[in-house]
Amino acid sequence: AAPAITAGAFSRVLAFVAPKIVGGGSKAPTPMGDFGCDAMADAVPLKATDAKVYGRDVLITGYLPNAFAKGRLKRFVEGGWIDGKRDGFVDVGESSDDSERVDTFGENEVLADVEQCCADEAESNDNEKDDNASDEIRFYKSWDTYSALSNFSAHAVDIDGENWLTSESYYQAQKFDDSHPDGVEIKNAILKANSPEKASRIGRLKQRERPDLLKKDWNSIKIHVMDRVLRAKFTQHRSAQSLLLSTGQKRLVEDSPVDNVWGSGRNNDGKNLLGVALMKLRDELRTSIVKDFLVDELERLDDEDLAN
């Protein structure tokens, strides 16, 4: 397990606590020795833990916090993108504002610990799914089949002559009043951020530190801002557009356990505004494509009639 965790292959941990007596004192080696836990007295504290009893055993599940991230996961937490690719897989709750999230900043204000990103992840037990589960598509993690629907996907957008690394970056920057020098400074910092996680961290932190710089009408315009950046993303990137259109008429759900506004929320009762915006855009794109086809076809027929 240690090499896999070190490589950043997974963040969720499942372990059975069996009725055994383990001896050897504080110097006894552990199966996690390669992970930095060299003695039985050492431990990695898991977050968002859950426990279930199976006979005489207890199954403990939990998530590794970013503070204990190793290998590629550690580099991702500390620095974003490597070799032109996103170095990691931790999504942080799409485009959340502080009032919409249930997470908090740590001592060093590291954005969205792994446990906060993955807290209360829904069990994929078919017996517990809704009857309409087959009619919806959930997205959240960067390894998901539909990860391109996430605002954290590696799809840059060009808007108003500026190139934004991701749609998340653009969204966060639009929160601030750029008529104020400090607002411009924040916007530029977000623009230069080398990962959507950094952009989100700056935006949310500054929103907390400098609420006076937040646009007065932000709550009323933020859905429009999201619609605009999504339209730019899915018209400027053919692969992302094809993926969105391939979802047919299925309900799209941003499966964030920490965002009750843009996502589904911890209890699956969130507003899912990102999913709603994507479904609206999907309908618009489909209508536009059909319209363009018909116009082209009519022009072709007119040209044929003229030739004849």
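Higher on the page you've got the structure.
Residues numbered from 1 in each chain as written. Predicted model: local features only at pLDDT ≥ 70, side-chain atom pairs only at ≥ 80, totals over all residues. Heavy atoms only, no water.

J.: I'd like a description of the nonpolar core, backed by residues and values.
T.: One finds Leu230, Phe234, Leu244, Leu252 and Leu278 to be the most contacted residues of the largest nonpolar core, which totals 34 residues. Put simply, the parts of the chain that give this core at least two residues each are β6 (136–139), β7 (157–159), α4 (167–173), α5 (181–192), α7 (218–236), α8 (238–245) and α9 (273–307). With seven residues, the single largest contributor to this core is α7. (Core = buried A, V, L, I, M, F, W, Y, C linked by side-chain atoms within 4.5 Å. Buried < 20%, exposed > 50% of the residue type's maximum accessible area, 1.4 Å probe, protein only. Helix = DSSP H or I, 4+ residues; strand = E, 2+ residues; numbered from the N terminus.)

J.: Can you break down the packing of α5 against helix α6 (residues 196–209) residue by residue, with the values?
T.: At a minimum axis separation of 8 Å, α5 and α6 run at an interaxial angle of 160°. Taken as axis vectors, α5 and α6 run roughly antiparallel relative to one another. Here α5 runs over α6; the crossing is right-handed. Taking contact as the criterion, the partners of Ile186, Ala189 and Ile190 in α5 are, on α6, Ala199, Ile202, Gly203 and Lys206. (Axes fitted to C-alpha atoms, helices over the stretch in contact; angles between N-to-C directions. Parallel < 35°, antiparallel > 145°, perpendicular 65-115°, else oblique. Left-handed = near helix turned anticlockwise from the far one by under 90°. Contact = heavy atoms within 4.5 Å.)

J.: Pulling in residues and values, what's your account of the packing of α7 against α8?
T.: Interhelical geometry of α7 versus α8 gives an angle of 105° and a closest axis separation of 5 Å. As summarised for this structure, α7 and α8 are arranged roughly perpendicular, according to the angle between their axes. Seen from α7, the contacting residues are Phe234, Thr235 and Gln236; seen from α8, they are Arg238, Ala240, Gln241 and Leu244.

J.: I'd like to hear about a nonpolar patch on the surface, residue by residue, with values.
T.: On the surface, a cluster of nonpolar side chains totalling about 290 Å² of accessible area is made up of Val290, Phe293 and Leu294. Topologically, Phe293 is positioned in helix α9. (Patch = residues over 30% accessible without salt bridge, like charges linked within 9 Å, V, L, I, M, F, W, Y side chains within 5 Å. Areas by Shrake-Rupley, 256 points an atom, 1.4 Å probe, with all protein chains shown as cover. Salt bridge = Lys/Arg side-chain N within 4 Å of Asp/Glu carboxyl O.)

J.: Residues and numbers for a negative patch on the surface, please.
T.: Residues Asp292, Asp296, Glu299, Asp302 and Asp303 make up a contiguous surface patch of negative charge. Tracing the sequence through the fold places Asp296 in helix α9. (Lys, Arg positive; Asp, Glu negative; His and termini not counted. Charge placed at Lys NZ, Arg CZ, Asp CG, Glu CD.)

J.: For the packing of aromatic side chains, give the residues involved together with the corresponding values.
T.: Inspection of the entire model under this criterion finds three aromatic pairs. Note on Trp164 and Tyr170: the rings are 5.7 Å apart at their centroids and 80° apart in plane angle, and the pair reads as edge-to-face. A residue is classified by how much of its surface remains accessible, and Tyr170, at 5% relative accessible area, is buried. Ring centres 5.7 Å apart and planes at 85° place the aromatic pair Tyr171 and Trp262 in the edge-to-face group. Placement of the pair is Tyr171 in helix α4 and Trp262 in the loop between β9 (251–254) and α9, with a sequence separation of 91 residues. Taken individually, Tyr171 and Trp262 each receive the classification buried, so the pair is uniform in this respect. Aromatic rings pair up to connect Tyr171, Trp218 and Trp262 into one cluster. (Phe/Tyr/Trp six-rings, centres within 6.5 Å; stacked < 30°, edge-to-face > 60°.)

J.: Quick one: what's the story with α7, residue by residue and with numbers?
T.: In an α-helix, one turn spans 3.6 residues; hence positions three or four apart end up facing the same way. A rise of 1.5 Å per residue sets the reference length of α7, with its 19 residues, at 27 Å; its end C-alpha atoms lie 26 Å apart and thus fit the reference within 8%. What α7 keeps buried is the set Trp218, Lys222, Val225, Met226, Asp227, Val229, Leu230, Ala232, Lys233 and Phe234. (Expected span 1.5 Å × (residues − 1).)

J.: I'd like to hear about the side chain of His155, residue by residue, with values.
T.: The topology assignment puts His155 in the loop between β6 and β7. The class for His155 is buried, based on a relative accessible area of 13%. With residues up to four places along the chain from it excluded, the contact list for His155 reads Ala148, Leu165, Thr166, Ser167, Lys233, His237, Ser239 and Ala240.

J.: An account of empty space enclosed by the protein is needed here, citing residue identities and associated values.
T.: Enumeration over the complete set of coordinates arrives at one cavity of 30 Å³ or more. In this structure, the largest cavity encloses a volume near 40 Å³. Lining the largest cavity are Asp227, Arg231, Ala277, Lys280, Leu281 and Glu284. Residue contributions to the lining of the largest cavity peak at four residues, all from α9. Classifying every residue of the lining of the largest cavity by side-chain character gives two nonpolar, no polar and four charged. (1 Å grid on protein atoms, 1.4 Å probe; cavity = no way out; pocket = protein on both sides within 12 Å on 5 of 7 lines; lining within 4 Å. Points joined across faces, edges and corners; volume = space filled by probe spheres on them. Nonpolar A, V, L, I, M, F, W, Y, C, P; charged D, E, K, R; others polar.)

J.: Tell me about unusual backbone geometry, residues and numbers included.
T.: Its identity as a non-glycine residue notwithstanding, Asn268 has a phi of 65°, on the positive side. Considering the arrangement of structural elements, one finds Asn268 in the loop between β9 and α9. Positive phi, normally seen in glycine, also occurs at Asn272, with a value near 55°. Here Asn272 shows up in the loop between β9 and α9.

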